[in-house]
Amino acid sequence: MANVVDLICYPVKGCAGTSMNDALLTPAGLAHDRSFMVIGEDGVFRTQRRQPRLALIRPAVSTDGSRLTLDAADGAGRFGTLCLDVTTSAPRRDVDLFGAPFQGIDQGDEAAAWLSEFLGTPSRLVRVPPEHDRIADGLTPGPSGYADSSAVHLLSRASLALLNQRMAERGAPILPMNRFRPNIVVDGHDGHDGHDGHDGHDGHDGHDGVDWATPPHGEDRARRITIGDAELGFAKLAVRCAVTLVEQEAGARRGPEPLRTLASYRRAAGGGVVFGAKFSVITPGKLSVGDEVVVQEWGDAGQ
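The rules behind each value
Residues numbered from 1 in each chain as written. Predicted model: local features only at pLDDT ≥ 70, side-chain atom pairs only at ≥ 80, totals over all residues. Heavy atoms only, no water. Helix = DSSP H or I, 4+ residues; strand = E, 2+ residues; numbered from the N terminus. Rg over C-alpha atoms; globule rule 2.2 N^0.38 Å. Buried < 20%, exposed > 50% of the residue type's maximum accessible area, 1.4 Å probe, protein only. Contact = heavy atoms within 4.5 Å. Areas by Shrake-Rupley, 256 points an atom, 1.4 Å probe, with all protein chains shown as cover. Lys, Arg positive; Asp, Glu negative; His and termini not counted. Charge placed at Lys NZ, Arg CZ, Asp CG, Glu CD. Polar contact = N/O pair within 3.5 Å; in protein donor to acceptor, adjacent residues only side chain to side chain. Pairing = 2+ DSSP bridges. 1 Å grid on protein atoms, 1.4 Å probe; cavity = no way out; pocket = protein on both sides within 12 Å on 5 of 7 lines; lining within 4 Å. Points joined across faces, edges and corners; volume = space filled by probe spheres on them. Nonpolar A, V, L, I, M, F, W, Y, C, P; charged D, E, K, R; others polar.

Chemist: Help me out: how do you make sense of the overall build of the chain in this one?
Modeler: On a plain count of helices and strands, the chain comes out with three helices and 24 strands. The C-alpha radius of gyration of the chain comes to 19 Å, within 12% of the 19 Å expected for a compact globule of 303 residues. Dimensions of the chain, computed from C-alpha atoms along their principal axes, come out at roughly 55 × 45 × 35 Å. When burial is assessed residue by residue, the chain has 53% of its 303 residues classed as buried. For the chain, the proportion of contacts with a sequence separation of at least 24, taken over those separated by at least 6, is 67%. Of the roughly 12,600 Å² of accessible surface on the chain, a fraction of 49% belongs to carbon and sulfur atoms. Charged side chains of the chain number 31 positive and 40 negative; the gap between the two group centres comes to 7 Å.

Chemist: Before we go on, may I ask you to explain the side chain of Ser 123 in this structure?
Modeler: Residue position: Ser 123 is located in the loop between helix H1 (109–119) and strand E12 (124–127). A distance of 2.9 Å separates the side chain of Ser 123 from the side chain of Arg 46, its partner in a polar contact. Residues contacting Ser 123, with those up to four places away along its chain left out, are Val 38, Ile 39, Arg 46, Ala 112, Leu 115 and Ser 116.

Chemist: Help me out: how do you make sense of the pairing of strand E15 (residues 152–156) in this one?
Modeler: Consecutive side chains of a regular strand alternate in pointing toward one face of the sheet and then the other. Counting buried positions over the five residues of E15 gives five, a clear majority of the element. What you see with E15 is no split at all: Val 152, Leu 154 and Ser 156 on one side and His 153 and Leu 155 on the other are buried throughout. Here E15 runs beside strand E22 (residues 274–283); their pairing, made up of three bridges, is antiparallel. Opposite His 153, over in E22, you have Lys 278 as the bridge partner. Strand direction decides the pairing type here: E15 and strand E16 (residues 184–188), joined by three bridges, are parallel. The residue bridging Leu 154 from the neighbouring strand is Ile 184, located in E16.

Chemist: What is the right way to look at the layout of surface pockets in this model?
Modeler: The rolling of a water-molecule-sized probe over the atoms marks out the regions of remaining empty space. Taken as a whole, the largest pocket spans an internal volume of roughly 470 Å³. Taken together, 29 residues line the largest pocket, and the ones lying closest to its centre are Arg 34, Arg 49, Asp 148, Arg 240 and Lys 278. Only E15 and strand E19 (230–239) provide two or more residues apiece to the lining of the largest pocket. Among the elements that line the lining of the largest pocket, the one with the most residues is E19, at four residues. For the lining of the largest pocket, the per-class residue count stands at 11 nonpolar, eight polar and 10 charged. In this structure, the second largest pocket spans a volume of roughly 370 Å³. If you go around the second largest pocket, you meet 23 residues; those closest to its centre are Thr 26, Ala 28, His 32, Ser 35 and Val 128.

Set out below in structure tokens:
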């Protein structure tokens, strides 16, 4: 049996996440997840790929989404806290997300000045507008805010344990889950020791609707998942990028891991390395830590 062991929301794309015991799963993912984004003067989104200091900004958004707090500190000490009223009526700005054009509601000069000073480069903060109609692609397409692709990123502790085992064998330090910035972390036990690392191991008895016992990379094969009264549909494998090289607590890049080790056993047929899976929301609902994760349908890990 597998259960939810952590729920993490990232209100501002690229910034730190907040762990929660309970979360509302909306059609576009966890409530308020990636609903804000930092952009440059040209409208292009800022990311830890080029601005690793984003990881040091800890956002908090009120339940109704009307207030946003940004708090930051670095090696020099506490930078400060900014509290602002979120506006949904300000002029829209053209924004660029991986070359695709979207709109964002500018959150004002105070937020822009705070972010520009902390990041050391002119920046502004925008919010997803109510009319945002982005549909992320994949096996199960679905609405998405400013996430890289699909609305929900799910990862199992078993997958991380296997990666850390392989890294340790190479003399590399093990890594925490936050290097991979998942929304839902699952864990379970089926007597499998995690040492074989076969991507094709599916952890089920061949019948739909079974408990998911989470062997390493079992999330690769889960096509339809129910958690409480919510349902998720598999979209794609999560292709990993340079953000995984950023130590989240330090806001700085730290060498070639984990991409070097992942490349030794998790290369995707279409290019890149994969770790974790992206899902779209089929049925919204409430999620809680401890909820059972049940796979209703399995598929091919290569998709």
